[in-house]
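The chain contents come next:
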Amino acid sequence: MANLRLGYFSLILATAFWGGNFVLGKLLSNVVPPITLTYLRWLPAFVILWLLFYRPTLQALPQLKSGFAVMLSLGILGVVLFPATLYQGLKTTSSLNASLYLAFVPVLVLFLNRLVFKEKIKPVIFVGALMSLIGVFWLLSQGELRRLMQLTINGGDLWTIASAISWAVYCCIIRLRPANISNTAFLTWLVGLAVAVLTPFFLYELWHGSAKILPNLTALQWSGIGYLIIGPSILSYAFWNFGIAIVGSAKGAVMTNFTPLFAALFSILLLDEAVQSFHLISATLITLGVLICGYHKK
């Protein structure tokens with residue numbers, strides 16, 4: 001029971017950092033190209049992880065070789081595609097739309113697990129996911145569901161939909177990660193493989209414009225990138241992978257719905273937005289949904 005609580009707490013911390021990613025990602029994506037922003041986020045993160053955990057990372061090399069295809073797939077899905085497509089989408093769509101698409105991840109993971117792993121969808125988990133999803137809709141619509149009917153689809157929406165799908169597949173197949181590999185070694189190899197895949201695309205984008213943009217970034221913008229390196233990159237993925245290993249992908253994926261809630265909270269704290277009744281109602285629905293999914297008989 002104590003380990004289960006620790007797992008859920010780890011997932012909540014991960015979504016808190018990702019909530020900040022939505023706020024800063026929206027601001028920075030209008031200045032820094034998406035591939036460059038993703039690379040600036042992950043290359044320093046890999047260097048930090050390697051310096052801290054190079055010994056267990058090297059010791060896990062045999063496990064990496066045996067599960068290389070899975071590790072590479074997880075790196076591309078969770079570290080490259082998920083943030084890069086999100087940043088690309090945030091250039092032309094709103095955080096409201098992007099958060100809405102992310103809210104479908106838990107339900108999508110349920111059906112992917114059913115399709116790929118023949119995992120039975122328990123009614124209690126489905127009800128919890130549905131209630132949590134309603135809480136997200138209530139938050140995004142600000143208590144007026146008719147607002148959802150006014151959303152328009154553009155290229156940015158399609159990119160953020162792709163981001164949500166990539167994260168759903170990541171949450172689904174993370175159970176295939178190599179056995180007997182520590183969380184720190186797993187994360188270091190995951191980020192390292194992703195950086196290797198991302199490097200040629202970064203160099204191309206750097207050559208075609210990013211080199212002129214980076215020297216003009218302000219100290220505040222660089223501090224925002226610094227947050228992306230430490231928070232949504234290193235800490236969030238470490239907490240998320242650790243929590244999923246304890247809770248499981250079906251129950252754990254529902255915790256994704258805390259991300260738009262934290263994004264709203266950070267907007268209130270950082271942008272001085274007032275607390276409204278719909279914030280409290282959506283927080284209650286999301287929390288109840290997660291608690292229902294986490295319910296288990298002793």
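Each remark here, short or long, concerns the structure printed above.
Not measured: the values here are computed from a predicted model.

1. Considerations on the overall build of the chain
A tally of regular secondary structure across the chain gives 13 helices and zero strands. Mapped from its N terminus to its C terminus, the chain presents α and β elements in the order α-α-α-α-α-α-α-α-α-α-α-α-α. Across the 298 residues that make up the chain, the buried fraction comes to 50%. As presented, the chain carries roughly 13900 Å² of accessible surface, and 72% of it is formed by carbon and sulfur atoms.

2. Details of the nonpolar core
In this structure, Trp167, Tyr170, Phe186, Tyr237 and Trp240 are the most contacted members of the largest nonpolar core, which totals 72 residues. Per-element tally for this core: the top contributor is helix H9 (residues 183–213), with eleven residues. Look past the residues within four positions of Trp240 in its chain and what remains in contact with it is Leu11, Ala14, Thr15, Trp18, Trp167, Tyr170, Cys171, Gly252, Ala253, Met255 and Thr256. In terms of nonpolar packing, the next biggest core, distinct from the first, is built from six residues, Val107, Leu110, Ile125 and Leu133 among them.

3. Re unusual backbone geometry
Of note in this structure, Asn180 is not a glycine but carries a positive phi near 60 degrees. Turning to its location among the elements, Asn180 is positioned in the loop between helix H8 (155–173) and H9. A residue is classified by how much of its surface remains accessible, and Asn180, at 75% relative accessible area, is exposed.

4. A few points about the packing of H9 against helix H10 (residues 219–247)
Two measures define how a pair of helices packs: the angle their axes make with one another and the distance between the axes. It is at 10 Å that the axes of H9 and H10 come closest, and there the two elements cross at 125 degrees. Taken together, the axis directions place H9 and H10 in an arrangement best described as oblique. Where H9 crosses over H10, the two elements pack in a sense that is right-handed. Only Ile234, Tyr237, Ala238, Asn241 and Phe242 of H10 make contact with H9, whose side of the interface consists of Asn183, Phe186, Leu187 and Leu190. Taken together, the residues that form the contact of H9 with H10 break down as seven nonpolar, two polar and no charged.

5. Let's talk about the side chain of Ser29
Mapped onto the elements, Ser29 comes out in helix H1 (residues 2–29). A relative accessible area of 2% places Ser29 in the buried class. At 2.8 Å, the side chain of Ser29 forms a polar contact with the backbone oxygen of Gly25. Contacts of Ser29, omitting those with residues within four sequence positions, involve Leu37, Tyr87, Leu90 and Lys91.

6. Quick word on the packing of aromatic side chains
A complete count under the given rule lists eleven aromatic pairs for this structure. Centre to centre, the rings of Trp18 and Trp167 are 5.0 Å apart; their planes meet at 75 degrees, and the pair counts as edge-to-face. Here the residue Trp18 occupies a position in helix H1, and Trp167 occupies one in helix H8, the gap between them amounting to 149 residues. Judged by relative accessible area, Trp167 falls into the buried class, the value being 1%. Between Phe82 and Trp167, the ring centres sit 4.7 Å apart and the planes meet at 25 degrees, which makes this aromatic pair stacked. Here Phe82 is found in helix H4 (residues 68–90), whereas its partner Trp167 is found in helix H8, with 85 residues between them in sequence. Pairwise contacts between aromatic rings join Trp18, Trp42, Phe82, Trp167, Tyr170, Tyr237 and Trp240 into one cluster. It is Arg175 that lies over the ring of Phe117; its NZ or CZ is 4.2 Å from the centre. Above the face of the Phe186 ring, Arg177 is positioned so that its terminal group lies 4.0 Å from the ring centre.

7. Some words on the packing of H4 against H9
Viewed as axis vectors pointing N to C, H4 and H9 meet at an angle of 70 degrees, and their least axial separation amounts to 8 Å. Relative to H9, the element H4 is oriented roughly perpendicular. Residue-level contacts link Phe68, Met71, Leu72, Leu74, Gly75, Ile76, Val79 and Val80 of H4 to Phe186, Trp189, Leu190, Leu193, Ala194, Val197 and Leu198 of H9. Among the residues making up the contact of H4 with H9, the classes are represented as 14 nonpolar, one polar and no charged.

8. Description of a nonpolar patch on the surface
Among the surface-exposed residues, Phe111, Phe126, Val127, Leu130 and Ile134 lie close enough to one another that they form a single nonpolar patch of about 430 Å² accessible area. It is helix H7 (residues 123–140) that contributes the most residues to the nonpolar patch, four residues altogether. Take Phe126: it is sitting in helix H7. A residue is classified by how much of its surface remains accessible, and Phe126, at 34% relative accessible area, is partly exposed.

Definitions and limits used
Residues numbered from 1 in each chain as written. Predicted model: local features only at pLDDT ≥ 70, side-chain atom pairs only at ≥ 80, totals over all residues. Heavy atoms only, no water. Helix = DSSP H or I, 4+ residues; strand = E, 2+ residues; numbered from the N terminus. Buried < 20%, exposed > 50% of the residue type's maximum accessible area, 1.4 Å probe, protein only. Areas by Shrake-Rupley, 256 points an atom, 1.4 Å probe, with all protein chains shown as cover. Core = buried A, V, L, I, M, F, W, Y, C linked by side-chain atoms within 4.5 Å. Contact = heavy atoms within 4.5 Å. Axes fitted to C-alpha atoms, helices over the stretch in contact; angles between N-to-C directions. Parallel < 35°, antiparallel > 145°, perpendicular 65-115°, else oblique. Left-handed = near helix turned anticlockwise from the far one by under 90°. Nonpolar A, V, L, I, M, F, W, Y, C, P; charged D, E, K, R; others polar. Polar contact = N/O pair within 3.5 Å; in protein donor to acceptor, adjacent residues only side chain to side chain. Phe/Tyr/Trp six-rings, centres within 6.5 Å; stacked < 30°, edge-to-face > 60°. Lys NZ or Arg CZ within 6 Å of the ring centre and 35° of its normal. Patch = residues over 30% accessible without salt bridge, like charges linked within 9 Å, V, L, I, M, F, W, Y side chains within 5 Å. Salt bridge = Lys/Arg side-chain N within 4 Å of Asp/Glu carboxyl O.

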